Amino acid sequence: MDFRFSDEQVMTADVVRSLLAEVCNSQDLRRLLTSGSTWDEARWKKLSELGLAGILVPEDNGGLGLAPVDLVQVAEACGYRCLPEPLVDIVGIAIPLLAAFADHPEVAPCLEQAIAGEITVAVSHPVNPYVPHASRAAAALIVRDDGLYLVAISPDMLTMQLSADPFRPLHTIARVPATRIASRDEAEAPLRQTLDRGALFTAAQLLGMAQGCVDLAVGYAKERQQFGRPIGSYQAIKHHLASVQVKIEFARPVVYAAAADLPHDDVYSRARISQAKLAASEAADLAAHAAIQIYGAMGYSWEVDVHLYLKRIIALTQAWGGPSFHRERVAARVFEKPLGPETTFARETDRA
Amino acid sequence: MDLIYTEEQNAFRREVRSWLEAHVPRQPLPSFDASREGFEAHRQWERVLNEGRWGMVTWPQRYGGRSLDLIQWLIFEEEYYRAGAPLRVNQNGIFLLGPTLMEYGTPEQKSRFLPKMASGDEIWAQAWSEPQAGSDLAAVRASATRIGEEYVLRGHKIWSSRAVFADWAFGLFRSDPGSERHKGLSLIFFPLNAPGVRIQPIPQIDGETGFAEIFLDDVRVPAFNRLGAEGEGWSICMATAGFERGLMLRSPARFQVTARRLVELFMGCGTDADPAIRAAVLKAWMDAEAYALSIYSTASRLAAGGQIGAEASTNKIFWSEMDIAMHKTALSLLGARAELSRHSPDAVEAGRWLDGYFFSLAGPIYAGSNEIQRNIIAERMLGLPRV
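Residues numbered from 1 in each chain as written. Chains lettered and ligands numbered in written order. Predicted model: local features only at pLDDT ≥ 70, side-chain atom pairs only at ≥ 80, totals over all residues. Heavy atoms only, no water.

K.L.:
Can you break down the overall build of chain B residue by residue, with the values?
P.N.:
Helix and strand counts for chain B come out as 11 helices and eight strands. Over its C-alpha atoms chain B spans a radius of gyration of 21 Å, differing by no more than 12% from the 21 Å that the globule rule assigns to 387 residues. Overall size of chain B, expressed as C-alpha extent along the three principal axes, is 70 × 50 × 45 Å. By the burial criterion, 57% of the 387 residues in chain B qualify as buried. A fraction of 70% describes how many contacts in chain B between residues 6 or more apart in sequence connect residues 24 or more apart. (Helix = DSSP H or I, 4+ residues; strand = E, 2+ residues; numbered from the N terminus. Rg over C-alpha atoms; globule rule 2.2 N^0.38 Å. Buried < 20%, exposed > 50% of the residue type's maximum accessible area, 1.4 Å probe, protein only. Contact = heavy atoms within 4.5 Å.)

This is how it looks when you write it as structure tokens:
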């Protein structure tokens, strides 16, 4: 029992944090916003050079063979900076799903190119009717009633939807002829794990976004003067922010434990992942509200970055299952499995 | 990150479980705050624990402990609450003063006080607050005047938990008469039966006498009873408070058992429950788990040589607010029976949920009010300006 990250995991997250501080700060977001684009190719190149694409892919399939716990803090760091490009979706969700069918002749080259950073891949899953960043992807994995399909994306099969998040292009994908790479039965377990990875890494991003909102608001509260003092010296402001920080502090270990638990792929790990999604969504929602309130009228303006976080938080709260969906997965564990202090880490198979 | 217990940890859990199964009293003990009889029954239980060397498992063996680590302490606590064992009447001693004594005490002080604390022969009360020094603890006025090898204590302490029946108290006194605020304070122990000590019980919200006023009228104690250097009382108190709020005061298992009882209550009420209540029940379980995960994370960090920081404050806010929410949810489930007090014929579980709700309302107040904790988080974690 050791609830700490390894030195390598800490280092990986630090590398990503420093890169993002350099290439994904407020000025970078503003520049992209002004350009009307949703993808900064120069930044994406630098992110690709980190070599994270194959992090969750088994070594036999050309990946690093690492686990969700190795990526969870990276996802948190991406959320913290409100990173526009879907690094987390691609590396944490799409590529591992491709890798589950690495032996399929049409998947193998696609996987190879994705790991090499040459292409991006989108996932169309029934819980997410609108697929983000599909227009930039070379291929999509599409879940249909009778199995999992792979399709090369062309513009004519995409119908655009407009997200309030200016960095989140959404599309629905038309039902075009595609290659079935797995039957419903064959796809069942990989898709279940995909949903878990989706929920987990979305939770980690939300956790980072919550801290991002708090830190923005803290920065403003230290500067902004009213009644001759920084507003951050007033308890009304302090207590808002402290309450959010408490939410964050108690969502974080849940997200980390969910990452460690994910490979178990059982009712316990699913409940922990869902708990993480709920806790992180709640923290992020509260953080965005607090930040807007503390910024005052500025918070309701286009000028400060809080609205970028708010809109992403609205999107991610529903992505990979919204609160009602995840509450039911928690209920399946709470109402059907043993409860109590001795059950936090123990599973039925290894319980003392 | 490894979230699986080792075989040794599982074996330890089995050992704790079987000892508790053999020793935990079959009938719940009467409250230690309501009567001398209940207090002494709890003292007796402390003696039983100590005889099995289960009184304080993290303490060194020479003081009656087992020198175990914090993960083993958490496992012990999980089994303790799972077994429904009695609340710890000496929590002021074993959880608060004990760790502080171990850090700041002289070898002579440790040998004098720790073994009797562990055995339950000396049960401790806390004497910090005064009528004019609550959240503003640095405003204490009670004085300790040094005369030769003795201190003479004068003043008025209040809200002292366990003081009605306890044997000793540790208090914060102004030892430098010209000092102000955090300076010139000393932490001094005094026997509650010493000449010049008068105890005035204060009935609590539930009518029981859990806390008291302490009037000190020229109470003479040896200088040996001062913990740490003269004038260093404030920083020692803050170390105690850090430990109190941080880890030991409320172990996660307590809330996990409450959450389990709440789920059982919910399931016993049938399936046509209000969806809002169902969501609150699920939230209770999730919050108790989140608290446990957070404490395991802190314990892992401390085991690797880390220090407890502002999470002492985040923990205190989280558990105290969670405790209220869980009890309120239970009262919603009980409906018309929510108001039935413990001796009422129709009372559910002898009114435990109502009693627990009353007690939960004290949580955001004692051990440093949640407002003070929020200030600490804002200033020390987030770096917001003090004034």
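K.L.:
Run through the side chain of Glu-342 of chain A, naming residues and quoting values.
P.N.:
With respect to the helices and strands, the residue Glu-342 of chain A is situated in the segment after helix 11 (323-334). In this structure Glu-342 of chain A comes out as buried when scored by relative accessible area, which is 10%. Polar side-chain contacts of Glu-342 of chain A include one of 3.0 Å to the side chain of Arg-82 of chain B. (Polar contact = N/O pair within 3.5 Å; in protein donor to acceptor, adjacent residues only side chain to side chain.)

K.L.:
Tell me about the layout of surface pockets, and please be specific about residues and values.
P.N.:
One number sums up the size of the second largest pocket: a volume of about 600 Å³. What lines the second largest pocket is a set of 25 residues, and nearest its centre among them are Gln-73, Glu-249, Arg-252 and Tyr-256 of chain A together with Ser-297 of chain B. Elements supplying a minimum of two residues to the lining of the second largest pocket: helix 1 (7-23), helix 4 (68-80), helix 7 (184-223) and helix 8 (235-261) of chain A together with helix 8 (275-303) and helix 9 (311-334) of chain B. With five residues, the single largest contributor to the lining of the second largest pocket is helix 8 of chain A. (1 Å grid on protein atoms, 1.4 Å probe; cavity = no way out; pocket = protein on both sides within 12 Å on 5 of 7 lines; lining within 4 Å. Points joined across faces, edges and corners; volume = space filled by probe spheres on them.)

K.L.:
Describe the UniProt feature "domain: Acyl-CoA dehydrogenase/oxidase N-terminal" (unreviewed entry) in chain A, with residues and values.
P.N.:
With numbering aligned to this structure, UniProt lists the feature "domain: Acyl-CoA dehydrogenase/oxidase N-terminal" (unreviewed entry) at residues 6-103 of chain A. In the segment residues 6-103 of chain A, helix accounts for 62% and strand for 0%; the C-alpha atoms at its two ends are 32 Å apart. (UniProt positions renumbered as here; feature names shortened; annotations may be inferred.)

K.L.:
Tell me about the sheet that holds strand 7 (residues 179-183) of chain A, and please be specific about residues and values.
P.N.:
Residues and elements named next belong to chain A. With mixed pairing, four strands are arranged side by side in an open sheet as 1-3-4-7. Of all strands in the sheet, those bounded by a partner on one side alone are strand 1 (121-124) and strand 7. In this sheet, adjacent strand axes meet at a mean angle of 20° when their direction is disregarded. Sheet topology places strand 4 (residues 147-152) next to strand 7; four bridges connect them, and they run antiparallel. Bridging across to strand 7, Leu-150 finds its partner in Thr-179. Taken strand by strand, helix 5 (residues 87-99) contacts strand 1, strand 3 (139-144) and strand 4, and its axis lies near 80° from that of strand 1. The strands that helix 7 touches are strand 3, strand 4 and strand 7; relative to strand 7, the one it contacts most, it runs at about 80°. (Pairing = 2+ DSSP bridges. Axes fitted to C-alpha atoms, helices over the stretch in contact; angles between N-to-C directions.)

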